[in-house]
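# Fold and geometry: a report
What follows is the residue order along each chain.
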Amino acid sequence: MLNRSCPNDLKQASPPAEPFFLRAGSGRRFCLYHGPRSSKECRGALIYIHPFGEEMNKSRRMAAMQARSFAAAGFAVLQIDLFGCGDSDGEFGSARWNIWKQDLDFAWDWLENRAAAPVSLWGLRLGALLALDFAVNSERRTDKIVLWQPVVTGEAFLNQFLRLRMANEMLASTPGSKKTTGTGALRDRLARGEMLEVAGYDLAPELAAAIDALKAAELVITRCAVHWFEIVAEPGRPMTPAGTNAITQWRHHGANPYTHLVPCVPFWATQEISECPELISTTLSVFAETVP
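Calculation criteria
Residues take numbers from 1 onward in each chain, read along the sequence in its written order. Under the rules for a predicted model, residues below a pLDDT of 70 receive no local features and side-chain atom pairs below 80 are neither given nor counted, while totals for whole chains, interfaces and linings still include all residues. As a rule here, side-chain values come from all non-hydrogen atoms in the structure, and water together with hydrogens is ignored. Summary of the burial criterion: residues with accessible area below 20% of their type's maximum are buried, those above 50% are exposed, and those between are partly exposed, where the area comes from a 1.4 Å probe applied to protein chains only. Each helix is a run of DSSP H or I of at least 4 residues and each strand a run of E of at least 2, with the numbering of both proceeding from the N terminus. The arc in question is the one traced by the directions running from the helix axis out to the C-beta atoms. Two residues form a contact once any of their heavy atoms are found within 4.5 Å. For this analysis, a polar contact is any N or O atom pair within 3.5 Å, provided that within protein one partner can donate a hydrogen and the other can accept it, and provided that sequence-adjacent residues contribute only side-chain to side-chain pairs. Think of it like this: strands point away, you trace from the first strand over the helix to the second, and a clockwise trace means the crossover is right-handed. Only strands joined by at least two bridges in the DSSP assignment are considered to pair. Method remark: on a 1 Å grid restricted to protein atoms, a set of points is classed as a cavity if a 1.4 Å probe fits but cannot get out and as a pocket if it is open with protein on both sides within 12 Å along at least five of seven lines; lining residues have an atom within 4 Å of a point. Grid points are joined across faces, edges and corners, and a volume is the space filled by probe spheres set on the points. All amino acids are sorted into three groups, where Ala, Val, Leu, Ile, Met, Phe, Trp, Tyr, Cys and Pro are nonpolar, Asp, Glu, Lys and Arg are charged, and the leftover types, Gly among them, are polar. Ring geometry is summarised as follows: Phe, Tyr and Trp rings, the Trp one being its six-membered ring, pair when their centres sit within 6.5 Å, and such pairs are stacked at plane angles under 30 degrees, edge-to-face over 60 and tilted between the two. For a Lys NZ or an Arg CZ to count as sitting over a ring, it must be within 6 Å of the ring centre and within 35 degrees of the ring normal. Only buried Ala, Val, Leu, Ile, Met, Phe, Trp, Tyr and Cys residues count toward a nonpolar core, and they belong to the same one when joined by side-chain atoms within 4.5 Å.

### A few points about helix α6 (residues 183-191)
Looking only at α6, the buried set comprises Thr183, Leu186 and Leu190. Taken around the axis of α6, the buried residues stretch over an arc of 65°, which confines them to a single face. One or two steps after α6, the chain reaches Gly193, where phi turns positive at roughly 90°.

Structure below.
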């Protein structure tokens, strides 16, 4: 078993990441490719699927640290900024769920050709839900799936996102100004086809509707191993009820996901950029042990 402490020795041994732009159906996608430690050794390949909005920026450091750790252990990793996100082409307001799934197809073709190894998916938060949706509805033969704190229901996630708009309106309101009454009012505006600005991001009704309809419990994976990593506040804490329910539903339908509880701060949502070495070492240990 690999050492579960922060794998600094592995990070130092990994080659530098290779930045490039990948041609996609609607412009270019910015990518970082982390090649395996040796060009003669590739134990597998992973596509990293980032989270939504500001969570993507808060998680960049953790994603880079995990990618370097994977590469040092002999795995190839492709990090892709989806359409309208990060340094890729397109505006966020023009992003659509199906475009993001198409981006994964382009990433898959590139990585499979470059690494010549079985491809796995590694997603964080909403990126984990996207990984599940892609794996269930694609003909691709996903080798494994790694989920970091997956969004369990798109509806709850969208409500949480819309509350950011409500909080900003409350802070900016003046006496006598019109106030939004709740997420229901914002949802009504989306249902009427209105674009909403939320925390600096233009949210299209089509993207909101696609996210709103997704439930992890309904995206059952039976043809490959799924590793669900849940962040807990301290050792001994159980998985959230929502996560437990999703896992129960999967098992009821014949899936056998592996769950891993890791004490850590919610680095995707902290005020300052945070790290969780335990999550990195645990993920590497679990993933590497399943590969010859």
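### Side note on the environment of Gln66
For Gln66, the position within the fold is in helix α2 (residues 54-72). The buried category is assigned to Gln66, whose relative accessible area is 0%. For the pair formed by Gln66 and Tyr48, sequence separation is 18 residues and the distance between their alpha carbons is 9.9 Å. Leave out the neighbours within four places in its chain, and Gln66 touches Trp122, Trp148, Leu279, Ile280, Thr283 and Leu284. Among the polar contacts made by the side chain of Gln66, one reaches the main-chain carbonyl oxygen of Ile280 at a distance of 3.5 Å.

### Notes on the pairing of strand β3 (residues 44-49)
For a regular strand, the rule is simple: side chains alternate between the two faces of the sheet. With 6 of its 6 residues buried, β3 lies for the most part within the structure. Burial along β3 is two-sided: the face carrying Gly44, Leu46 and Tyr48 and the face carrying Ala45, Ile47 and Ile49 are both buried. For the crossover from β3 across α2 to strand β4 (residues 75-80), the handedness is right-handed. With 5 bridges joining them, β3 and strand β5 (residues 119-124) adopt parallel strand pairing. In the sheet register, Tyr48 faces β5, and the bridge partner there is Trp122.

### Focus on the pairing of strand β1 (residues 18-24)
In terms of strand pairing, β1 meets strand β2 (residues 27-34) through 7 bridges, oriented antiparallel. Across the sheet, the residue bridging to Pro19 is Leu32, located in β2. Here β1 hands over to β2 after 2 residues, the two strands then running antiparallel side by side.

### Points about the layout of surface pockets
Space inside the largest pocket adds up to approximately 370 Å³. The wall of the largest pocket is formed by 14 residues, among which Glu54, Glu55, Leu164, Trp268 and Ala269 lie closest to the centre. The leading source of residues in the lining of the largest pocket is helix α5 (residues 154-172), at 4 residues. When its residues are assigned to classes, the lining of the largest pocket shows 8 nonpolar, 2 polar and 4 charged. For the second largest pocket, the calculated volume is near 220 Å³. Around the second largest pocket, the lining is made up of 13 residues, and of these Arg125, Pro150, Val151, Val152 and Ala156 lie nearest the centre. When contributions to the lining of the second largest pocket are tallied by element, the ones reaching two or more residues are α5 and α8 (241-252). Among the elements that make up the lining of the second largest pocket, the one with the highest residue count is α5 (3 residues).

### Observations concerning the packing of aromatic side chains
Counted by the stated rule, this structure contains 20 aromatic pairs. Note on Tyr33 and Trp110: the rings are 5.2 Å apart at their centroids and 75° apart in plane angle, and the pair reads as edge-to-face. Here Tyr33 is found in strand β2, whereas its partner Trp110 is found in helix α3 (residues 97-115), with 77 residues between them in sequence. Take Tyr33: its relative accessible area is 6%, and that puts it in the buried class. Geometry around Phe21 places Arg28 over its ring, the cationic atom sitting 4.0 Å from the centre. For the cation-ring pair, Lys144 lies above Phe287, with the distance from its terminal atom to the ring centre recorded as 5.5 Å.

### Side note on the nonpolar core
In globular proteins that are soluble, nonpolar side chains generally tend to be buried together. Counting residues in each nonpolar core, the largest one holds 67 residues, and the members touching the most others are Ile47, Phe52, Trp100, Leu111, Leu203 and Leu207. Apart from the residues lying within four places of it in its own chain, the contact partners of Phe52 are Phe92, Trp100, Leu126, Phe157, Phe161, Leu203, Leu207 and Ile211.

### Section: empty space enclosed by the protein
Following the criterion strictly, the structure yields 1 cavity of 30 Å³ or more and no others. Space inside the largest cavity adds up to approximately 50 Å³. The wall of the largest cavity is formed by His50, Pro51, Phe52, Leu82, Trp97, Trp100, Leu126, Gly127 and Leu130. At the level of elements, α3 and α4 (126-137) are the ones that each hand at least two residues to the lining of the largest cavity. Among the elements that take part in the lining of the largest cavity, α4 stands out by supplying 3 residues, more than any other. Across the lining of the largest cavity, the residue classes tally to 7 nonpolar, 2 polar and no charged.

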